[in-house]
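Chain residues, written in single-letter form:
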Amino acid sequence: MSSIEIVEIIENNENNETDETNEIVEITASSSRDPAGWATGARERLRTELLTHGAVLVRGLELREAADVGTVLEQLAVEPVTEREAFAPRESYAPGVHSASPWPPDQPMCMHHELSYTLGFPALLLFACLTGPTSGGAVGLADAAAVLDALPRDLVERFEREGWLLDRSYNDEIGATVPQAFGTADRDAVESYCRAHAITWEWQPDGGLRTTQHRAAVVRHPVGGRRCWFNQIAFLNEWTLAPEVREYLIDEYGPAGLPFNTRYGDGEPLEEEVVRLIGSVYADHTVRLPWQTGDLLLVDNIRTAHSREAYEGPRDVVVAMASPTRLDTCSPTAEVGQR
């Protein structure tokens, strides 16, 4: 079994002072080509470091295939998550193990918490870089408690009181299709899922589907109770799209037919300046992590938001989701399904 040691703390702190809210622990594992054996021996250490820091980077495992990631996930003794309500199609490699969401390489993927708009989401994410990009493509990480504290108090109070709304339009041309998102094309089964997950729905004349769901914007971490800004309010909003993309989608599908959009919990549209403000607060609390081929990154999905920079060249990142967690176990500040 490989020995490990903490070799460096990466901080987002100009004075280089220790700040627990912006740390990634980097662990070096000897390259034994035994990811399963290493994961078994490192399991408890990884859990401790992840709880302390919110993200752990492992280097030296030489992960080369998606099967390696599945093996590591299995040895960590955590339950894999079956993805539902995906916003983009993924390739599935093993239970809980998927390709990264397709997103244009020349466009950054903004800060978000994976599946935070669902009633049951993964508390643990594993990202494995099987092939690093030629340039760019760094992962960004931001502490959700620090972001919450830095946002304007009146804005936070509104979202705490009202929650937020996610509107989605499913079609066969852009984003995840209905079968890809819900695991079935059967309308009765889709409606049953929506009913059980506090999602309102409307079938369109062309066979498309439009849905709306009301979710909390602030939760408490189930371990320790830290209040976290946990949502995809900015990421899935129209103002986060590149201007030319937003203009094209509105021309093509109309303002109500965008693949996804977010609103205040009372139904009012989000102002562009509010979306930009949330993005700037995330930027102020972002730790950058350039990929190296073979890296494994573990992320506490509730405490830590993640993003991806634009990149050039080939890039193969595999994502594993685990530790299914119900929203109602995290003390949400707004009731789902209530407006």
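Residues numbered from 1 in each chain as written. Predicted model: local features only at pLDDT ≥ 70, side-chain atom pairs only at ≥ 80, totals over all residues. Heavy atoms only, no water.

Draft legend 1. Summary view of the environment of Pro95. Note on placement: Pro95 falls in the loop between strand E4 (92-94) and strand E5 (97-99). Taking the C-alpha atoms as reference points, Pro95 and Arg263, separated by 168 residues in sequence, lie 33 Å from one another. (Helix = DSSP H or I, 4+ residues; strand = E, 2+ residues; numbered from the N terminus.)

Draft legend 2. Quick peek at the sheet that holds strand E9 (residues 139-143). Overall, antiparallel pairing links the four strands, which are arranged E6-E18-E9-E16 in an open sheet. In this open sheet, the two edge strands, each paired with only one partner strand, are strand E6 (109-112) and strand E16 (286-289). Recorded for the sheet is a direction-independent mean angle of 20° between the axes of neighbouring strands. Where E9 and E16 come together, four bridges link them in antiparallel fashion. What sits directly across from Val139, in E16, is Leu289. (Pairing = 2+ DSSP bridges. Axes fitted to C-alpha atoms, helices over the stretch in contact; angles between N-to-C directions.)

Draft legend 3. Local environment of the pattern of salt bridges. Within this structure, the stated rule accounts for 18 salt bridges. Among the salt bridges present, the one from Asp295 reaches Arg59, with a minimum N-O distance of 2.9 Å. One end of the pair, Asp295, is in the loop between E16 and strand E17 (296-300); the other, Arg59, is in strand E3 (residues 55-59), with 236 residues separating them in the sequence. For the pair shown, Asp295 and Arg59 are each scored as buried. (Salt bridge = Lys/Arg side-chain N within 4 Å of Asp/Glu carboxyl O. Buried < 20%, exposed > 50% of the residue type's maximum accessible area, 1.4 Å probe, protein only.)

Draft legend 4. Structural detail: unusual backbone geometry. Look at Glu62: it is not a glycine, yet its phi comes out positive at around 55°. Within the secondary structure layout, Glu62 lies in the loop between E3 and helix H2 (66-75). Positioned with a positive phi, Ser331 is a non-glycine residue whose angle comes to about 50°. Residue classification places Ser331 among the partly exposed positions, given a relative accessible area of 44%.

Draft legend 5. Up close: the environment of Trp229. Note on placement: Trp229 falls in strand E14 (residues 227-229). Classification of Trp229 as buried rests on a relative accessible area of 0%. Residues contacting Trp229, with those up to four places away along its chain left out, are His113, Ala144, Val147, Leu148, Leu151, Phe159, Ala217, Val218, Ile278 and Tyr282. Within the structure, the side chain of Trp229 is placed 3.5 Å from the side chain of Tyr282, a separation counted as a polar contact. (Contact = heavy atoms within 4.5 Å. Polar contact = N/O pair within 3.5 Å; in protein donor to acceptor, adjacent residues only side chain to side chain.)

By themselves, these figures tell us nothing about what the structure is for.
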